[in-house]
Amino acid sequence: MADHRTARLFARLEPLRRGPLRGDAFRSRLHEERTAATLGIVLGVAFGICFLTGLVSHGIQRGPTGVQELWRAGPVSLYRVTQGLHLLTGIVSIPLLLLKLWVVYPRLWSWPPFRDLTHLVERLSLVALVGGALFQLATGLMNVFYWYAFPFNFPNAHYAGSYIAIGGLVTHIGAKWHVTRRALRAPAAPPAMAARVATGSLTRRGLLVTAGAAAAGLLVTTLGSVWEPLSRLAILAPRRAGDGPQGLPVNRTATPETIAAGRSADYRLAVAGNVPRPFELTLDELRALPRVGASLPIACVEGWSTGADWSGVRVRDLLDRAGAAPDAVVRVVSLQREGSSRSTLYPNHARDPRTLMALELNGEELHPDHGWPTRLIGPNRPGTQQTKWVARLEVV
Ligand SMILES: Nc1nc2c(c(=O)[nH]1)N[C@H]1C(S)=C(S)[C@@H](COP(=O)(O)O)O[C@H]1N2
Ligand SMILES: [Mo]
C-alpha cells in the first residue's frame, strides 16, 4: 500500500529528472556489476585489515589500561608489521575506492531513489560507508605527511571515523552479498557485447588491470617507508626506512634546550616514584652500568619504520635496584617539556630483558635527534612510546 503510493509519487516526479538523474546519462559499459563486485571484494579485504590493525594500534596507545597491559613485548616486530599493514592497505585503497565510486556512480542516481524501507536503509548506509571511507583515507594520508590542517584531534576523529566506515561496510556487505555472488558467477559478457565494449576506449579487463597497476605502483613507492630493501623506491614517502642520522628517521629533532639539559652537569636519570630505594645517576654512572644489546625497530604510528641495533642498560635492572614491585607500572618522562614527551611501561614491557635505556644506536653514541643522552627503546611498541631524552623513570 505504502510502496504503491511511493511508486506513484516517484512516477509523478519523473519529468523533473535532469542531468545525471536521466536514465541514459551514463553510456560507458564499464559501469557494471561484475567490476563493482570485484573491486568491492578487494576493498572489503583491505578495509577489514586496515580496521583491525587500526584497532590494535589504538588499543595499545589509548585503549583502557587493561587492554594496554595485555599487549606483549614479542614478537619484537609485531607492531611494525600491523602498523605497516595499516599504512599499506590504506594507501592502496585510495585508487581502488575512487575507481569503485566511478563504477557505481550511475547507481547513486538510480530511479526510483528507493523501493522500500530495506532499500532505503541500504542506501543510507552507503553515506556512512562512502563518507567514512573518504574521511579515513584523507585524514590518514594527511597524517602520513604530517599535515595537521584539520581543526580536530586526529586520533579521536580517525578512531570515530573507523566505526562509521566499518558499520557502513558491514551493512553494505550484508545487503550486497547475493548480488555480488550472482555477478561473479554469471558468465562473462557475451561475445557480441564484449566486442562492443572493445570498440570503446577501455575493456573491463583493461580497467581492472589499470586499477591494479595504480594500486601496485603506490604499494611499491610506499613499501620502502617500512622496509629497508625497498627504501630507494619510496619516492612518495616523507620518511624512508633506514634514512636519517645513524640510519634511522627522525620525527622530532632535539631542541637546543634538551641538548643543553643533557650536557649540563646537573643532568641525572632518576628512578623514583612509588619505590623503596629511589636513586639518581649521572650520565657517567649510567654509562658505567652493565650494558646489553638488542635489535629492535622503531615503528612510527605515522607510517614509517626501521630496524636498528641498540645498546644500553636494562630498565628491569634499574627498577630492581630501586626495589620496584614486579608488577610496577612505569612512567617514562622526558627532558622535553611539550609534545609526546611521556610514555608508559606496563609490566610486560618494563620487565622484558630487551627494554633498555639506550645509550648507543647502530654502534655509535646516540645522536641528539635520537634521544641523547638516553632514550627508551623496547620491543613491540609504537614509536610514540619510545621516549627520547629521558630524565625520569617514575613508578606509579
Ligand atoms: N621526548 C620525545 N620522545 C619521542 C618523541 C617526541 O616527540 N618526544 N617522538 C616519538 C615518536 S612519534 C617516534 S616515531 C620516535 C622516533 O624516534 P627517532 O626520532 O629516534 O627515530 O620517537 C618517539 N619519542
Ligand atoms: Mo611516531
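This text follows the structure it describes.
These numbers were taken from a predicted model, which means no experiment stands behind them. (Residues numbered from 1 in each chain as written. Chains lettered and ligands numbered in written order. Predicted model: local features only at pLDDT ≥ 70, side-chain atom pairs only at ≥ 80, totals over all residues. Heavy atoms only, no water.)

1. Topic: the layout of surface pockets
Over the atoms, a rolling probe the size of a water molecule traces out where space has been left empty. When its volume is computed, the second largest pocket comes out at roughly 1,100 Å³. Lining the second largest pocket are 42 residues, and of these Ala36, Lys100, Val104, His172 and Lys176 lie nearest its centre. For the lining of the second largest pocket, the secondary-structure elements that each account for two or more residues are helix H2 (33-62), helix H4 (78-108), helix H5 (117-144) and helix H6 (154-185). The element contributing the most residues to the lining of the second largest pocket is H6, with 11 residues. (1 Å grid on protein atoms, 1.4 Å probe; cavity = no way out; pocket = protein on both sides within 12 Å on 5 of 7 lines; lining within 4 Å. Points joined across faces, edges and corners; volume = space filled by probe spheres on them. Helix = DSSP H or I, 4+ residues; strand = E, 2+ residues; numbered from the N terminus.)

2. Some points on helix H11 (residues 315-322)
Regarding H11, the residues found buried are Val315, Leu318, Leu319 and Ala322. All buried residues of H11 lie within an arc of 95 degrees about the axis, which places them on one face of the element. Remark: Gly323 follows H11 within two positions and exhibits a positive phi of approximately 80 degrees. (Buried < 20%, exposed > 50% of the residue type's maximum accessible area, 1.4 Å probe, protein only. Arc of directions from axis to C-beta.)

3. Observations concerning the sheet that holds strand E1 (residues 269-273)
Strands sit in the order E2-E1-E10-E5-E6 across an open sheet of 5 strands; the sheet is mixed. Strands at the two margins of the open sheet, each flanked by one partner only, are strand E2 (279-281) and strand E6 (342-345). The sheet shows a mean angle of 20 degrees between the axes of neighbouring strands, direction not considered. Relative to E2, E1 runs antiparallel, the two sharing 3 bridges. Among the inter-strand pairings, Val271 is bridged to a residue of E2, identified as Phe279. Of the strands in this sheet, E1, E2, strand E5 (330-334), E6 and strand E10 (390-395) touch H11, which is tilted by about 140 degrees from E2. (Pairing = 2+ DSSP bridges. Axes fitted to C-alpha atoms, helices over the stretch in contact; angles between N-to-C directions. Contact = heavy atoms within 4.5 Å.)

4. Side note on H6
Side chains of residues three or four places apart in an α-helix project in the same direction, reflecting 3.6 residues per turn. Its axis deflected by about 55 degrees at Lys176, H6 carries its strongest bend there. The set of residues buried in H6 consists of Phe154, Ala157, His158, Gly161, Ser162, Ala165, Ile166, Gly168, Leu169, His172 and Ala183. Those residues of H6 that are buried lie in contact with H2, H4 and H5. A side-chain oxygen of the first residue of H6 lies 2.9 Å from the backbone nitrogen of Asn156; this N-cap is Asn153. (Bend = angle between axes of the 7 residues up to and from the residue. Polar contact = N/O pair within 3.5 Å; in protein donor to acceptor, adjacent residues only side chain to side chain.)

5. Some thoughts on a nonpolar patch on the surface
A cluster of nonpolar side chains, namely Ile41, Val45, Ile49, Val81, Leu85 and Leu184, defines an oily patch on the protein surface of about 460 Å² accessible area. Secondary structure elements with two or more residues in the nonpolar patch: H2 and H4. Considering each element in turn, the nonpolar patch owes the most residues, 3 residues, to H2. (Patch = residues over 30% accessible without salt bridge, like charges linked within 9 Å, V, L, I, M, F, W, Y side chains within 5 Å. Areas by Shrake-Rupley, 256 points an atom, 1.4 Å probe, with all protein chains shown as cover. Salt bridge = Lys/Arg side-chain N within 4 Å of Asp/Glu carboxyl O.)

6. Here's the deal with the site of ligand 1
Near ligand 1 there are 21 residues, and of these Pro249, Gln336, His370, Arg375 and Lys388 occur at the shortest range. Taking 530 Å² as the accessible area of ligand 1 by itself, protein coverage stands at 97%. Tallied by class, the residues present in the shell around ligand 1 amount to 7 nonpolar, 10 polar and 4 charged. (Near = heavy atom within 4 Å. Nonpolar A, V, L, I, M, F, W, Y, C, P; charged D, E, K, R; others polar.)

7. Things to note about empty space enclosed by the protein
Under the defined criterion, the tally for this structure stands at 2 cavities of 30 Å³ or more. Lining the largest cavity, in full, are Ile60, Gln68, Trp71, Thr344, Tyr346, His349, Arg381, Pro382 and Gln385. Its residues assigned to classes, the lining of the largest cavity comprises 4 nonpolar, 4 polar and 1 charged. Here the second largest cavity defines a volume of roughly 30 Å³. Those elements giving two or more residues to the lining of the second largest cavity turn out to be H4 and strand E3 (292-299). Partitioning the lining of the second largest cavity into residue classes produces 4 nonpolar, 1 polar and 2 charged.

8. Description of the side chain of Gln83
If you trace the backbone, Gln83 turns up in helix H4. For Gln83, a relative accessible area of 6% gives the class buried. A polar contact of 3.4 Å, which involves the side chain of Gln83, links it to the side chain of Ser57. Apart from the residues lying within four places of it in its own chain, the contact partners of Gln83 are Ser57, Cys300 and Val301.

These values are about where atoms sit, not about what they do.
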